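# Structural overview
So the chains spell out like this:
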Amino acid sequence: MVWNERVRGAEDVAPLCPGLHDLGKSIMAIGPIEHPLVSQGCRWTVGRSKRTEESPGRGERNSEMMRLFVSALCLFFLIPIWAPGLRAQSRTGAITGVVADSETGTALPGARVVVGGTGLSTYTDVNGVFYLGAVPAGSQTLEVSYLGYQSFQEQLEVAEFSSYRLDVRLQTLSRETATVVAEPFRQGRAKALNQQKTSTVIKNVVAADQIGRFPDSNAAEATQRIPGVALQRDQGEGRFIIVRGTEARLNSVAINGQRLPSPEGDIRFVALDVIPADVLEAIELTKAPTADMDADAIGGNVNLLTKRAPEDPLLTFSAGWGYNNLVRDDLQSFNLAAGRRFTNNKLGIIFAASWLNTDRGSDNFEVRYDDGELDEFELRDYAINRERLGLVFGIDYRTENNSEFFVNAIFNQFDDQEFRRRNRQRVAVGEIERELKDRLIRQQIASLSVGGRHFFDNLLQLDYTVSYSYASENEPNRADSVFTQKDVIFQPNVSPTSIDPDNIRANPLNEDISAFEFSRLVEEDNFSRDQDFAFTINLARPFVPGDQSNGLWKIGFKYKTKEKQLDNNLINFRSDETILLTSVLDRNFDQGNFLNGRYDIGDFQGPGEVRSLLPRLDGEIDLEEDLVDYLAEEDIFATFGMVEFNFNDRFQLIPGVRTEYTDINYLGNELVFDEKGDLASIGAVTGKNDYAEVLPSINFRYKVGDSANVRAAFSRTLARPNHEDLVPFQLLLQEDLEILRGNPDLRPTKSWNYDLLFEQYFQSVGVFSAGIFFKDMRDNIFTSRLQEPRDGEEFDVLQPRNLENAQIFGFETAFQNVFRSLHSPLDGCGIYANYTYTSSTADLPGRPGSGNQLPGQASHVYNLAISYEKYGFSGRLSWNYHSEYLAEVGRDPSRDVFFDRHLQLDLLLSQRLNRHVSLFAEFINLTNEPFRAYEGRVDRPVREEFYSWWATFGLMFNF
């Protein structure tokens, strides 16, 4: 189906559907598309930014979107009419049921279910449920197959206009048939690989049992094991994900299919360290979406699936104690999951909880250069307590024909108490500052979704979801205090031509702890919240074009409304009297062996002692920082139509098109400071943006035998700008001839995506895959520095803007297997490995052309794990690596900041004592791999941070 040709010839199909004729005219009226594949007369982007006199009103835009929606409805409802050889479906019934493991009762998602001798087939969903409509009435043979399990067949009698219910329990393959034994890791690996194998899209899956085989405490760290995923870390713990060389903004995160809001006030993307890995049933990373998926995922969409009610009763819990070598302190963890089904398996209830309390820390130095000279040198000591809580509750009810009602809820809370002591040696101004940051950040993410799935007349399928999601970040009563020694003489050992990256020193000659005086205390109360309400409804119907083929056509609608708010409050406290650092020293602070004895960070003020100074200080509101507040309201309307064609049980084709219309309104502030730095004016300012995108996709799969797939995909996706960039704020500093300005006219980044993948699956529950991908991106967003004349002066303007081009090309391969063909005891050995190579070119601010690297793109990413599982023992030694990548774009290439390569080594050991009890031990970052960043070249570090290693020991109970 060549969609662009159909649009250009819309008049040819107008007699079939008047709405399609309007769709063709609507798209053709936009103008030509700038893309090599569809360069002859249509454009998929229906884009209008801030409304002008020439732009249509909102009513016209809504009418346009309605025409697109009606056209999609008309087109995809008519597909079965013109499909050749459509079979009459009056004398048909349906077959429904659940596929589960015979030993544990765990649902088996991705099982292949076939009606023998026909073209009818389907796959079980994440709950192990399958539904086959349009099954010819009479005697039929149902066949079920699953990687690593014995195949199943049963003869049954299908009646007209009724559903036949058959629940299937599959047996694992025996040792004699050479593949799977009941080791702890087997079922999770089988579930994940079957979902990948039978998926209609290119995606990777990590099941709960696999998550448990790596020492990963949060969702980000569990996701890093997937091919093509690199992490941005905070204090040694995974936080943001980078997929296939695309920065975090270009990826999306969802829970149970619903996009998550971000607790942080300036961004859209979500820090996954908030969500514990132990409350998850699986993690899906979709790299090539179909039209029924949200389109805001250029790199990929991470879907976190919470635990579901099992077919058999479940009760598991674990408790652990740990130790952090750097801070010489402990860690406690507790996990619980309980669930079962009632009333003849119709009603299911699940509850899961995870709690972690840990003391962490790091030793750090940071450097700032000015034309190669040492401008600043900082020593930083971090002492951190982190507490993570996750709660999951789910309830579902199934009818006889597997129609379903469900309620899923998740609550996550992440407390981060940080004390940062900074020795800031300001070489350029001859000062040393001793700064203490005392702050607690509490992040919360919660989501509630209610929905159902229903089957009518054995053919029509309806599913719907109503969801509410909430995220917040609260930073109450933060205090940053600074004591300063002035007139310091420095003799740095750094010059433009000479540097020792392992021994950078500012060398203050007259530093004296008794000469530090109180400089300032900044107290902050910061709060941000982000809440989403979404409604989704989809309608699908199977059709049978021929004896050996079948299909499913599907249409849907989604509405999401978002409200995001940022509220910062800052007060600067100063004193007219002299207050010495020696009068408020922290007697309990022990710097220990800071950076292995390379540097002496010195003594610092105590947090309680600093706060006791407040009655002696004078406070003043910091308007420049206080008024970055904003309020954003965003509405998204989406429609889609798609068809799933299955030919000859081998060839699957899924064309589709999705439309997304976005309407945004912002309220911000405008501040003007005069030549003396005093506030001259202040006022509220509003901004607006709206645009519509038409996003086609085609997914292709060809089965090579029963164990291999060739996949190809073409799609168009987008990534909306961060909220901070869209806010129409303006900060004008006449003293500095500088303007900081938001840009409500920013367009979303768009990408044409191309994928080709080969997969070979093994009955030993393993896989080999290799593929290539290419992304052609437009409207990337960077902060640009421009010149603007104002009142006879030239002002520097810093503003986010859309730049033109970026391309990413990559190759990825993966292999995992357990070598059961080896002689005992080596038949417990296994390997898990994947590697991704990416290369990019991008236009950067002031640097157009093809010689620039895209931020976030690491050329090499790999995972390697060696495992052994036998006799109840499970051990896994794992390496995770990414090469260096561009993190911040400077004024010129010599000032670009790169995050250096990172190789982390982790170890997990567990021993099953009996059927119900296991011991486990986890060791993280065994080689004390640091976080490192450099400016321009690798021997000019700007940051190095060391965490040492930490470990957890515990017991796990499973009933």
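The rules behind these values
Residues numbered from 1 in each chain as written. Predicted model: local features only at pLDDT ≥ 70, side-chain atom pairs only at ≥ 80, totals over all residues. Heavy atoms only, no water. Helix = DSSP H or I, 4+ residues; strand = E, 2+ residues; numbered from the N terminus. Buried < 20%, exposed > 50% of the residue type's maximum accessible area, 1.4 Å probe, protein only. Contact = heavy atoms within 4.5 Å. Areas by Shrake-Rupley, 256 points an atom, 1.4 Å probe, with all protein chains shown as cover. Pairing = 2+ DSSP bridges. Axes fitted to C-alpha atoms, helices over the stretch in contact; angles between N-to-C directions. Phe/Tyr/Trp six-rings, centres within 6.5 Å; stacked < 30°, edge-to-face > 60°. Lys NZ or Arg CZ within 6 Å of the ring centre and 35° of its normal. Salt bridge = Lys/Arg side-chain N within 4 Å of Asp/Glu carboxyl O. 1 Å grid on protein atoms, 1.4 Å probe; cavity = no way out; pocket = protein on both sides within 12 Å on 5 of 7 lines; lining within 4 Å. Points joined across faces, edges and corners; volume = space filled by probe spheres on them. Nonpolar A, V, L, I, M, F, W, Y, C, P; charged D, E, K, R; others polar. pLDDT = per-residue confidence, 0-100. Polar contact = N/O pair within 3.5 Å; in protein donor to acceptor, adjacent residues only side chain to side chain.

This paragraph deals with the overall build of the chain. Helix and strand counts for the chain come out as ten helices and 45 strands. Sorting the 959 residues of the chain into buried and exposed places 60% on the buried side. Within the chain, contacts between residues at least 6 apart in sequence are counted, and of these 71% link residues at least 24 apart. Of the accessible surface of the chain, which amounts to about 37,000 Å², a share of 52% is contributed by carbon and sulfur atoms.

Moving on: the sheet that holds strand β6 (residues 138-145). Each strand in a sheet pairs with another by means of backbone hydrogen bonds, the pair being arranged parallel or else antiparallel. Spatial ordering of the open sheet is given by β4-β3-β6-β7, a layout of four strands whose pairing is antiparallel. What marks the edges here is a single partner per strand, and that holds for β4 (121-123) and β7 (152-158). Geometrically, the sheet is characterised by an average inter-axis angle of 20 degrees between neighbouring strands, direction not taken into account.

Before going further, it helps to examine the packing of aromatic side chains. Under the criterion given, the structure shown has 27 aromatic pairs. With 5.3 Å between their ring centres and 75 degrees between their planes, Tyr146 and Tyr149 make a pair best called edge-to-face. Comparing Tyr146 with Tyr149, the two get one shared label, buried. For the ring pair Phe317 and Phe957, a centre distance of 4.8 Å and an interplane angle of 25 degrees mean the geometry is stacked. Taken together, the residues span a long stretch of sequence, with Phe317 in strand β17 (residues 314-324) and Phe957 in strand β45 (residues 950-958) at a distance of 640 residues. For Phe317, a relative accessible area of 28% translates into the label partly exposed. According to the relative accessible area criterion, Phe957 is partly exposed, its value standing at 21%. Among the aromatic residues, those joined into a cluster by ring pairs are Phe543, Phe645, Phe647, Phe651 and Phe700. One residue, Arg360, lies across the ring of Trp950, its end atom 4.1 Å from the ring centre. Over the aromatic face of Phe604 sits the side chain of Arg434, whose NZ or CZ is 5.6 Å from the ring centroid.

Summed over the entire model, instances satisfying the criterion amount to 77 salt bridges. Residues Arg259 and Asp296 are paired through a salt bridge, measuring 2.2 Å at the closest nitrogen-oxygen approach. One end of the pair, Arg259, is in strand β14 (residues 258-259); the other, Asp296, is in the loop between β15 (280-288) and β16 (301-306), and 37 residues separate them in sequence. Each member of the pair, Arg259 as well as Asp296, carries the same accessibility label: buried. A salt bridge links Arg658 to Asp294; its shortest N-O distance comes to 3.2 Å.

If you walk through the whole model with that rule in mind, you get 16 cavities of 30 Å³ or more. Its boundaries defined by the atoms lining it, the largest cavity holds a volume of some 230 Å³. Mapped by element, the contributors of at least two residues to the lining of the largest cavity are α5 (186-198), β10 (202-207), β33 (749-762), β34 (766-790), β35 (793-818) and β36 (829-842). Taken together, the residues of the lining of the largest cavity break down into 13 nonpolar, seven polar and five charged.

Moving on, we come to the sheet that holds β16. Strand order in the open sheet formed by five strands is β10-β15-β16-β13-β14, and the pairing between neighbours is mixed. Every interior strand has two partners, whereas the edge strands, β10 and β14, have only one. Bridge count for strand β13 (residues 252-255) against β14 is two bridges, and the pairing is antiparallel. Looking across to β14, one finds that Ile255 is bridged to Gln258.

Here we take up the pairing of β13. Neither face of β13 is left uncovered, since the one carrying Ser252 and Ala254 and the one carrying Val253 and Ile255 both have all their residues buried. One ladder, built from four bridges, connects β13 with β16; its direction is parallel. The residue bridging Ile255 from the neighbouring strand is Leu304, located in β16.

Turning our eyes to something else, we now look at the environment of Trp949. On the secondary structure map, Trp949 appears in the loop between β44 (941-946) and β45. When the C-alpha atoms of Trp949 and Asp906 are compared, they prove to be 9.4 Å apart, with 43 residues separating the residues in sequence. Beyond its immediate chain neighbours, meaning those up to four positions away, Trp949 contacts Tyr323, Asn324, Asn325, Ile924, Asn925 and Leu926.

Moving on, we come to the confidence of the model for the chain. Mean pLDDT for the chain: 85, with 89% of residues reaching 70 or above. A low-confidence stretch, residues 1-59 stays under pLDDT 50, and its non-local contacts, those more than four residues away or across chains, total 97 contacts. For residues 175-184, every residue scores under 50 in pLDDT, and the model assigns this stretch 26 contacts once sequence neighbours within four places are set aside.

This next bit is on the environment of Glu577. In this fold, Glu577 is placed in the loop between β25 (549-574) and α8 (607-611). Exposure remark for Glu577: the relative accessible area of 38% places this residue in the partly exposed category. Taking C-alpha positions, Glu577 is 8.9 Å from Phe518, a pair spaced 59 residues apart along the chain. Only 2.9 Å separates the side chain of Glu577 from the side chain of Arg616, close enough to count as a polar contact.

The next point concerns the pairing of strand β32 (residues 738-741). Burial along β32 is one-sided: the face carrying Ile739 and Arg741 is buried and the face carrying Glu738 and Leu740 is not. Pairing geometry for strand β31 (residues 730-733) and β32, over four bridges, is antiparallel. Of the residues in β32, the one forming a bridge with Leu731 is Leu740. What sits between the antiparallel neighbours β31 and β32 is a turn of four residues, in which Leu737 has the positive phi angle 50 degrees. Both β32 and β35 contribute to a ladder of three bridges, which runs parallel.

Let's shift gears to unusual backbone geometry. In this structure, Pro825 follows Ser824 across a cis peptide bond, with omega equal to 10 degrees. Tracing the chain through its elements places Pro825 in the loop between β35 and β36. Phi angles above zero are rare outside glycine, and Asn477 is one such case at about 55 degrees. By the secondary structure assignment, Asn477 is in strand β23 (residues 460-485). Phi is positive for Asp779, which is not a glycine, with a value near 60 degrees. Here Asp779 shows up in strand β34. On the basis of relative accessible area, Asp779 is assigned to the buried category, the value being 9%.

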